[in-house]
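Take a look at the letters that make up each chain.
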There are 2 protein chains.
Amino acid sequence: MRGDPVTREPRYRQIAEELRHAITEHAYGPGGKLPSEGALAERYEVSRGTIRQALMLLRHDGLVTSRRGTRRVVLDDAPVQEFAQMQSFARWARSIGETPEGRVIRQGWHSADPDERRQLRIDADARVLRVVRLRLLSGRPAMLERTAYPEALGAIVETLPADTVSVTEFLEQAGVFVADAEHTIDLARADPQDAALLGCAVEDPLLRERRRSTDPAGVPLEWSEDRYLPGSVAFVVHNSLASTPMTRQHMVPVVRDSG
Amino acid sequence: MRGDPVTREPRYRQIAEELRHAITEHAYGPGGKLPSEGALAERYEVSRGTIRQALMLLRHDGLVTSRRGTRRVVLDDAPVQEFAQMQSFARWARSIGETPEGRVIRQGWHSADPDERRQLRIDADARVLRVVRLRLLSGRPAMLERTAYPEALGAIVETLPADTVSVTEFLEQAGVFVADAEHTIDLARADPQDAALLGCAVEDPLLRERRRSTDPAGVPLEWSEDRYLPGSVAFVVHNSLASTPMTRQHMVPVVRDSG
DNA sequence: AGATCGAAGTTGTATGGCCAACACCTAGTT
DNA sequence: AACTAGGTGTTGGCCATACAACTTCGATCT
């Protein structure tokens, strides 16, 4: 029963997938107990360490608890999106049954501003490709994306047709992979460009997500500011004692000059 | 009372703390390389496995990359908040040098609505304690919090004075610990109560965070909806191929009636 | 009835080992 | 000069073991 010589997923990931599937299919139910590590190790014919690696994945995704002395408990039934889905607007849109579209509104090379230099970790004289992209869900404007790419990546992105649906998927084919992303979420007001393209009024509130993505080596790939029309999207985050990927950030109130 | 009756931190956590400290003190710099696992194992006189556990923590917090073949690279210099800080408004406020305050606006027992029943995993006939709390930063209103507690926890919370600064810290002393939390972030409009208490206009946009916290056993502890005045807070999330605690959530657009 | 103790079951911490997969550099080849 | 092959260093995957710390539950004792 082999004949499967292709890119083999590590065993612990296969097992995690199976368990994840069982959980989202309500095999245990919220609050239900998983089998013990030992029992799972026997069932899958692997060592306890491999089972632990698999369960650690589910733990970090917030699907199960983990506590000394008792079996693991199912926290949540809901299927968790892959990282790849969070990373790509197009993939996410398709997964919820909508048709994603993208239109380049503006595109051009500029010398990097201080913010871009810090985020993309590039020199003062380096240039970036700035792209403004309108994203649509089944024909309706949903989000406006303003992205800065460093020189090397910009050279690739520049060649894409203006209506490319998924930049991420194209870049993957070119061998560019996103491994990490940091997101800052807050609220912004629509500027005239936002308003014109998203079809709202100037000063209307928008959900803002600023994001820096990096490749597996830790090299910044993009620095982007996305503005979503409210009511169509929410961000869901899980954190725990076992992993703390979420923080609050204080924003110093803007001091109005008094004269 | 002998020498060291306290709970000892595991070795890998101690090592993670030291490395975390070294990173935030810019000992390696963003893009810098960490020593190899073997070198660290020798320095700390532990096995490679222990070092790997320590580095895993930093990996999940988004401080370093992790890639086969090369040494780990520092992704970010910024200090990461503890889970405990994200979980408690008061602790967070103090960590940024502000004085937290809290005032109970309303408090009372109600029979749980369907949403509360699902989130808190309780029966149809169960009651919840609903508490509306205004949170202030150094005297200025910052956030309005509407929380539902299940019966057992409500009985404790109910006894607290109306101006308790940190509910979380009180509960910890009572032996109640939060281990997991799931946050949903989007945008909301101020209702009359929001407006009156936060000092904004009705329909003004607010940053909304809905949160369900659970204890180490996976039992829901609270279901809360927090509304922040914009401009004072942002949420920062890290996710990666190694851990995917963040997802987008689709919200079905509200159909406007056309007549 | 209620409290205490202890055994069984379970996960956490740590060690040690082995090989595979991969990145990176160097030396040699073309 | 450009390309190739190989060697070295490094992390990933997996195994086996041992003991510690903790939860739970039943039995025993008061």
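Refer to the structure presented above.
Cut-offs used in this document
Residues numbered from 1 in each chain as written. Chains lettered and ligands numbered in written order. Predicted model: local features only at pLDDT ≥ 70, side-chain atom pairs only at ≥ 80, totals over all residues. Heavy atoms only, no water. Pairing = 2+ DSSP bridges. Helix = DSSP H or I, 4+ residues; strand = E, 2+ residues; numbered from the N terminus. Axes fitted to C-alpha atoms, helices over the stretch in contact; angles between N-to-C directions. Core = buried A, V, L, I, M, F, W, Y, C linked by side-chain atoms within 4.5 Å. Buried < 20%, exposed > 50% of the residue type's maximum accessible area, 1.4 Å probe, protein only. Contact = heavy atoms within 4.5 Å. Near = heavy atom within 4 Å. Polar contact = N/O pair within 3.5 Å; in protein donor to acceptor, adjacent residues only side chain to side chain. Nonpolar A, V, L, I, M, F, W, Y, C, P; charged D, E, K, R; others polar. Least-squares fit on C-alpha atoms with pLDDT ≥ 70 in both. Phe/Tyr/Trp six-rings, centres within 6.5 Å; stacked < 30°, edge-to-face > 60°. Buried area = accessible area lost by both parts, 1.4 Å probe. Salt bridge = Lys/Arg side-chain N within 4 Å of Asp/Glu carboxyl O. Expected span 1.5 Å × (residues − 1).

Draft legend 1. Fine view of the sheet that holds strand S5 (residues 205-214) of chain B. If you trace the eight strands from one edge of the open sheet to the other, you get S1(B)-S2(B)-S3(B)-S6(B)-S5(B)-S4(B)-S7(A)-S8(B), paired in antiparallel fashion. Every other strand in the sheet has two partners, leaving strand S1 (100-111) and strand S8 (246-250) of chain B as the edge strands with one partner each. Taken over all neighbouring pairs, the strand axes of this sheet differ in orientation by 20° on average, direction set aside. Summarising the sheet, S1 of chain B and strand S2 (residues 127-137) of chain B pair through 11 bridges and their orientation is antiparallel. Its bridge partner lying in S2 of chain B, Arg106 of chain B is registered against Val132 of chain B.

Draft legend 2. Looking closely at the nonpolar core. Counting 28 residues, the largest nonpolar core has Leu207, Phe235 and Met246 of chain A together with Leu207, Phe235 and Met246 of chain B as the members making the most contacts within it. Listed by contribution, the elements that provide at least two residues to this core are helix H5 (89-95), strand S3 (140-150) and strand S7 (233-240) of chain A together with helix H5 (89-95), strand S3 (140-150) and strand S7 (233-240) of chain B. Apart from residues lying up to four places away in sequence, Phe235 of chain B is in contact with His183, Thr184, Ile185, Met246, Thr247 and Arg248 of chain A together with Met86, Ile185, Leu207, Glu209 and Tyr228 of chain B.

Draft legend 3. Broad picture of the protein's contact with DNA strand C. Lining the immediate environment of DNA strand C, one finds 21 residues, of which Arg52 and Arg71 of chain A together with Arg11, Thr50 and Arg68 of chain B sit closest. Sugar plus phosphate, as a fraction of atoms of DNA strand C within 4 Å of the protein: 78%. Between Arg52 of chain A and DNA strand C, the recorded distance is 2.6 Å, taken from a side-chain N or O atom to a phosphate oxygen. At a separation of 3.1 Å, a phosphate oxygen of DNA strand C approaches a polar side-chain atom of Ser66 of chain A. Mapped onto the surface near DNA strand C, the elements with two or more residues apiece are helix H3 (48-60) of chain A together with helix H1 (11-24) of chain B. Here the residues of the surface near DNA strand C are counted per class, giving three nonpolar, eight polar and 10 charged.

Draft legend 4. Expanded view of the relation of the copies chain A and chain B. Each copy of the sequence occupies a distinct position, and chain A is placed on chain B by a rotation of 180° and an axial shift of 0.0 Å, giving an RMSD of 0.1 Å. Look at the turn and shift together and you get a two-fold axis relating the two. When each C-alpha of chain A is compared by its distance to the rotation axis, Pro205 of chain A comes out closest, at 3.1 Å. Most of the interface of chain A is mirrored in chain B, where 100% of its interface residues are also at the interface.

Draft legend 5. Broad picture of the packing of aromatic side chains. Residues and elements named next belong to chain A. Taken as a whole and judged by the stated rule, the model has four aromatic pairs over all chains. For the ring pair Tyr228 and Phe235, a centre distance of 5.6 Å and an interplane angle of 80° mean the geometry is edge-to-face. Accessibility classification places Tyr228 together with Phe235 in one group, the buried group.

Draft legend 6. Structural detail: the interface of chain A and chain B. Counting residues at the interface gives 69 residues for chain A, matched by 70 residues for chain B. With both chains or domains summed, chain A and chain B bury close to 6,700 Å², and 54% of this area falls on carbon and sulfur atoms. Among the residues of chain A in contact with chain B, Val236, Arg248 and His250 of chain A are the three that bury the most area, contributing 13% of the side total. Applying the counting rule to chain A against chain B returns two salt bridges. A salt bridge links Asp180 of chain A to Arg59 of chain B, with the nearest nitrogen and oxygen atoms 3.1 Å apart.

Draft legend 7. Summary view of the pairing of S7 of chain B. For S7 of chain B, the buried fraction is high: eight of the eight residues fall into the buried class. By the alternation rule, side chains of S7 of chain B split into Val233, Phe235, Val237 and Asn239 of chain B and Ala234, Val236, His238 and Ser240 of chain B, which are all buried. In this sheet, S7 of chain B lies alongside strand S4 (residues 180-189) of chain A in antiparallel orientation, the contact comprising six bridges. In the sheet register, Ile185 of chain A faces S7 of chain B, and the bridge partner there is Phe235 of chain B.

Draft legend 8. Just the protein's contact with DNA strand D, in detail. Around DNA strand D, a shell composed of 21 residues is seen, among which Arg11, Thr50 and Arg68 of chain A together with Arg52 and Arg71 of chain B lie nearest. Within the side chain of Ser66 of chain B, an N or O atom sits 3.0 Å from a phosphate oxygen of DNA strand D. At the level of secondary structure, the elements contributing two or more residues to the surface near DNA strand D comprise helix H1 (11-24) and H3 of chain A together with helix H3 (48-60) of chain B. Class assignment for the residues of the surface near DNA strand D results in three nonpolar, eight polar and 10 charged.

Draft legend 9. Broad picture of the environment of Thr70 of chain A. All names here are of chain A. Along the polypeptide, Thr70 turns up in the loop between H3 and helix H4 (83-87). The class of Thr70 is partly exposed, set by a relative accessible area of 38%. A polar side-chain atom of Thr70 sits 3.3 Å from a polar atom in the side chain of Arg67.

Draft legend 10. Representation of H1 of chain B within the structure. Residue and element names in this part refer to chain B. With 14 residues, H1 extends 20 Å between its outermost C-alpha atoms, agreeing within 8% with the 20 Å of an ideal straight helix rising 1.5 Å per residue. Contacts from the buried residues of H1 go to helix H2 (37-44) and H3. Positive backbone phi, at 60°, marks His26, one or two positions downstream of H1.

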